[in-house]
Amino acid sequence: MDLNGSKTRNGEPSPPYEEKGAMNLGYNYSIDDAASTEKGLDKINADKLNEAKVDIELEEDPWKISEVYIEVTPWNELSACGKFKRVTWDYFGKLVVLVCLLYLFICSLDFLGNAFKLIGGKAAGEVFKQSDVLSNPVSGLMIGILATVLLQSSSTTTSIIVSLVASKIVPIRNAIPMVMGANIGTSITNTLVSIGQISNKGDFRRAFAGATVHDMFNWITVLVLLPLEVVSSYLFHLSDFIVDHMPLTTNEGADREFLTVITHPFTKLIIQVDSKVIEGVAQGDPDALNKSMIKHCCKKGNVDVTYINTSTSDNSTICLEKCKYMFEGAATHLNDATIGGILLLIALVLLCTCLVLIVKTLNSLLRGKVSLIIKKFVNANFPGCLGYFTGYLAILIGTGLTILVQSSSVFTSALTPLVGIGVIELDRMYPLTLGSNIGTTTTAILAAFAQSSTDIRLALQIALCHLFFNLTGILLFFPIPKFRFPINLAKFLGNQTAKYRWFAIMYLILVFFLLPAAVFALSVVNWIAMVAVLAPILLLVIVVVVINILQSKAPMALPMILRNWYFLPEPLRSLKPMDRFMQNIVACLPCCAKKSTTDAKDEPIGESNSTTKL
């Protein structure tokens, strides 16, 4: 017998033992004591499980519309002055302010496009005339991306491509990858707009995801259809068959501008740019390189000129009306790039100011139960089995509104703030974006019908290639809900930007500038160099994606070391080292040091678990 009353063998105390989570350290427990201990442990575990369930229930889904609304004073409790104020300001006044801000927002996008044309328009035209480079489909794709980023308009890019094809400078087979690239490049505008909501973590998460869902759809569609087009030329043959069976008539007066009828009276008072100079550079006109893109003559006419002391006469084109706008006088002292830089600064300031005010106005306008009604109406589905077809209606709406404004960039950029504040859900934004992709193809189709009777066939064929490219992508990545990969990818990017605000800037620089420029440079060298560099990178990406899927779906199928990424150094499995580096840089700025410290304190501890995924 030991000091504790336990029986011993050869004078040694009984060894400790474990029983259902309770350790016996040499003490002699009865069966009732063991049962009591087991019940106590079960109760503790149950309490912890309930606490975890409560935490999960209290965690709000950032991708769903919020059910919380601001209580407002009922109408019958307002005074006469309060009722007058609510009607005149809360209902009509704020609505008028919102419309005016939206008008200035669209004008700022026009200024932004003109600024980029002045800065890089001729460079984009120079790239288009590299016919030997365009024979490489990857080069053509990257040229389409870079040209659209420089021109800030897929409509301008596709119109230039249509004119090059109609003039037989670029073959249709070489132009198809360029059109695909224009589809990708146009989504940079709404991605830029989403950064305007960077101050609010939740809004920025949703806005960036709403913008990049356009990017993800375009990139995935290109990755699937470009190799298919290289192998089978199905877009070429399909469009060729349709054009052969269409009655073709030229309509040079085709109206390609609907929204500009409203915005041009204001924008032309600031700047007027001659886009035909870019087409001239792309077509190899030597005089176009020396011309300024600033428009000086708004109306030209032909007159017969008879020379003195001679009987000969000549028909000449002269300027009948000189343009008058703010930057016209500065064009005599400054070059196009300098004016473009000044205009770019003005456009960005106006764009950010309008965006901030639009978000604030919407937040104050959509209050109370009205906000919930509007949000639920916009994101509602048809009842019963018809709910599946709600997305197709959204596609039609997106198509119609984009045709009306003649710009997918304007349409998606106007919706991005609404996604940020939760009025439009990401699942509804996706079909609206797909519709805008279809609607923007009408610009190229109208441009094709404006060609001469000898050039209309080729121009219409490349325009139809653009249309069927987008339709094929929709057929691949929309009808089956499990195949809507762009939504999940956009949510992933939105979550990253919510944790690391600088990620959005890095994404823009990498996806729209560095990656296209690097791939284009490799493709210019030769095919071997491009494949030697890109093939291992692509293989590594595929392996990482497969391992990530297995880690979440079937971890037991992987070796122990591959069930998470902790075996890798932290910089290879997490963005936290880069985040610390960026915070150190921001901390050096006096205006941002306090804010960065506050953000670091507010960061949830649980987010450290995200380092297990690459």
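Predicted model, so just to flag it, every value in this text is computed and none were measured.

## Let's talk about the overall build of the chain
Stage number 1. From N to C terminus, the chain includes 24 helices and 4 strands.
Stage number 2. For the chain, the share of sequence-separated contacts (at least 6 apart) that also reach a separation of at least 24 residues comes to 75%.

## Details of the pattern of salt bridges
Stage number 1. The final tally for this structure, using the stated rule, is 4 salt bridges.
Stage number 2. The partner of Asp-244 in a salt bridge is Arg-457, and the shortest N-O contact between them spans 2.4 Å. Of this pair, Asp-244 sits in helix α9 (residues 234-244) while Arg-457 is found in helix α18 (residues 456-477), placing the two residues 213 residues apart along the sequence.
Stage number 3. For Arg-457, a relative accessible area of 27% gives the class partly exposed.
Stage number 4. Arg-580 is the partner of Glu-570 in a salt bridge, and the nearest nitrogen-oxygen pair spans 3.2 Å. Placement of the pair is Glu-570 in helix α22 (residues 570-573) and Arg-580 in helix α23 (residues 576-587), with a sequence separation of 10 residues.
Stage number 5. In the salt-bridge network here, residues are joined through shared partners; they are Asp-240, Asp-244 and Arg-457.

## Topic: the packing of helix α4 (residues 137-151) against helix α8 (residues 201-232)
The angle between the axes and the distance between the axes are what describe a pair of packed helices.
Stage number 1. The geometry of α4 relative to α8 is characterised by a closest axis approach of 11 Å and an angle of 145° between their N-to-C directions. Seen from above, α4 lies across α8 with right-handed handedness. On α8, the residues that touch Pro-137, Leu-141 and Ile-145 of α4 are Trp-219, Val-222, Leu-226 and Val-230.
Stage number 2. Partitioned by chemical class, the residues of the contact of α4 with α8 number 7 nonpolar, no polar and no charged.

## Remarks on unusual backbone geometry
Stage number 1. For Ser-233, which is not glycine, the phi dihedral falls at a positive 55°.
Stage number 2. Along the chain, Ser-233 turns up in the loop between α8 and α9.

## Digging into a nonpolar patch on the surface
Stage number 1. On the surface, Phe-382, Leu-386, Tyr-388, Phe-389, Leu-393, Leu-396, Ile-397, Leu-401 and Leu-404 cluster together to form a nonpolar patch covering roughly 840 Å² of accessible area.
Stage number 2. Following the sequence through the fold, Leu-386 ends up in the loop between α13 (368-379) and α14 (390-405).

## Observations concerning the side chain of Arg-205
Stage number 1. Along the chain, Arg-205 turns up in helix α8.
Stage number 2. Assessed through its relative accessible area of 17%, Arg-205 is described here as buried.
Stage number 3. Those residues within four positions of Arg-205 in sequence are excluded, and the remaining contacts are Pro-62, Trp-63, Gly-494, Asn-495, Thr-497 and Ala-498.

## Description of helix α17 (residues 441-449)
Stage number 1. With 7 of 9 residues buried, α17 lies mostly within the body of the structure.
Stage number 2. Among all positions in α17, only Thr-441, Thr-442, Thr-443, Ala-444, Ile-445, Ala-447 and Ala-448 are buried.
Stage number 3. As for α17, its buried residues are in contact with α5 (154-166), α14, α16 (426-439) and α18.

## Quick notes on the packing of aromatic side chains
Stage number 1. Scanning the entire structure with this criterion turns up 15 aromatic pairs.
Stage number 2. Taken together, a centroid distance of 6.3 Å and an interplanar angle of 45° make the contact between Phe-389 and Tyr-392 tilted.
Stage number 3. On the basis of relative accessible area, Phe-389 is assigned to the partly exposed category, the value being 44%.
Stage number 4. By way of ring pairs, the aromatic residues Phe-217, Tyr-388, Phe-389, Tyr-392, Tyr-430 and Phe-478 are connected into one cluster.
Stage number 5. The ring of Phe-236 has Arg-173 lying over it, and the distance from NZ or CZ to the ring centre is 4.0 Å.
Stage number 6. The ring of Phe-478 carries the charged tip of Arg-484 above its face, separated from the ring centre by 4.1 Å.

## Section: the nonpolar core
Stage number 1. In this structure, Phe-105, Met-180, Ile-271 and Ile-462 are the most contacted members of the largest nonpolar core, which totals 121 residues.
Stage number 2. Ranked by the residues each element gives to this core, the list is headed by helix α2 (residues 80-128), at 12 residues.
Stage number 3. In this structure, Met-180 is in contact with Leu-141, Val-222, Leu-225, Leu-226, Glu-229, Leu-235 and Phe-469, ignoring residues within four places of it in sequence.

## What about the side chain of Ser-108?
Stage number 1. Here Ser-108 is to be found in helix α2.
Stage number 2. The class of Ser-108 is buried, set by a relative accessible area of 1%.
Stage number 3. Among the polar contacts listed, one links the side chain of Ser-108 to the backbone oxygen of Phe-105, at a separation of 2.5 Å.
Stage number 4. When residues no more than four places from it in sequence are discounted, the contact partners of Ser-108 are Ala-347, Leu-350 and Leu-351.

## Re the state of the cysteines
Stage number 1. Evaluated as defined, the whole model comprises 0 disulfides.
Stage number 2. Cys-107 takes part in no disulfide bond, and the closest cysteine sulfur, belonging to Cys-354, lies 8.7 Å away.
Stage number 3. Given a relative accessible area of 0%, Cys-107 falls into the buried group.

## Description of the packing of α5 against helix α6 (residues 172-185)
Stage number 1. One can describe the packing of α5 onto α6 by two numbers: an axis separation of 10 Å at closest approach and a directional angle of 175°. Classified by the angle between their axes, α5 and α6 sit roughly antiparallel to one another. Facing Ser-154, Thr-157, Thr-158, Ile-161 and Val-165 of α5, the residues of α6 in contact are Ile-172, Ala-175, Met-178, Val-179 and Ala-182.
Stage number 2. Within the contact of α5 with α6, the residues separate by chemical class into 7 nonpolar, 3 polar and no charged.

## A look at the environment of Leu-434
Stage number 1. Within the secondary structure layout, Leu-434 lies in helix α16.
Stage number 2. By relative accessible area, which is 0% here, Leu-434 ends up buried.
Stage number 3. Sequence separation between Leu-434 and Phe-217 is 217 residues, and the spatial gap between their C-alpha atoms is 8.3 Å.
Stage number 4. In this structure, Leu-434 is in contact with Phe-217, Ile-395, Ile-474 and Phe-478, ignoring residues within four places of it in sequence.

## A look at the confidence of the model for the chain
Stage number 1. Scored by pLDDT, the chain comes out at a mean of 77, with 76% of its residues at no less than 70.
Stage number 2. Here residues 9-29 is a poorly scored stretch, pLDDT under 50, and it has 24 contacts once near neighbours within four places are set aside; other chains count.
Stage number 3. Scored below 50 in pLDDT, residues 600-614 makes 29 contacts in the model with residues more than four places away or belonging to other chains.

## Things to note about helix α19 (residues 485-499)
Stage number 1. Look at α19: 22 Å from first C-alpha to last across 15 residues, which is about the 21 Å you get at 1.5 Å a residue.
Stage number 2. Among the residues of α19, those classed as buried are Pro-486, Ile-487, Ala-490, Leu-493, Gly-494, Gln-496, Thr-497, Ala-498 and Lys-499.

## Structural notes on the environment of Gly-398
Stage number 1. Inspection of the secondary structure puts Gly-398 in helix α14.
Stage number 2. For Gly-398, the contacting residues outside a window of four places in its chain are Phe-411, Leu-432, Gly-435 and Ser-436.

## Details of the environment of Thr-267
Stage number 1. By secondary structure assignment, the location of Thr-267 is in helix α10 (residues 260-267).
Stage number 2. Other than its neighbours up to four places away in sequence, Thr-267 contacts Cys-107, Asp-110 and Phe-111.

Reading guide: rules and limits
- Residues numbered from 1 in each chain as written.
- Predicted model: local features only at pLDDT ≥ 70, side-chain atom pairs only at ≥ 80, totals over all residues.
- Heavy atoms only, no water.
- Helix = DSSP H or I, 4+ residues; strand = E, 2+ residues; numbered from the N terminus.
- Contact = heavy atoms within 4.5 Å.
- Salt bridge = Lys/Arg side-chain N within 4 Å of Asp/Glu carboxyl O.
- Buried < 20%, exposed > 50% of the residue type's maximum accessible area, 1.4 Å probe, protein only.
- Axes fitted to C-alpha atoms, helices over the stretch in contact; angles between N-to-C directions.
- Left-handed = near helix turned anticlockwise from the far one by under 90°.
- Nonpolar A, V, L, I, M, F, W, Y, C, P; charged D, E, K, R; others polar.
- Patch = residues over 30% accessible without salt bridge, like charges linked within 9 Å, V, L, I, M, F, W, Y side chains within 5 Å.
- Areas by Shrake-Rupley, 256 points an atom, 1.4 Å probe, with all protein chains shown as cover.
- Phe/Tyr/Trp six-rings, centres within 6.5 Å; stacked < 30°, edge-to-face > 60°.
- Lys NZ or Arg CZ within 6 Å of the ring centre and 35° of its normal.
- Core = buried A, V, L, I, M, F, W, Y, C linked by side-chain atoms within 4.5 Å.
- Polar contact = N/O pair within 3.5 Å; in protein donor to acceptor, adjacent residues only side chain to side chain.
- Disulfide = S-S within 2.5 Å.
- Parallel < 35°, antiparallel > 145°, perpendicular 65-115°, else oblique.
- pLDDT = per-residue confidence, 0-100.
- Expected span 1.5 Å × (residues − 1).

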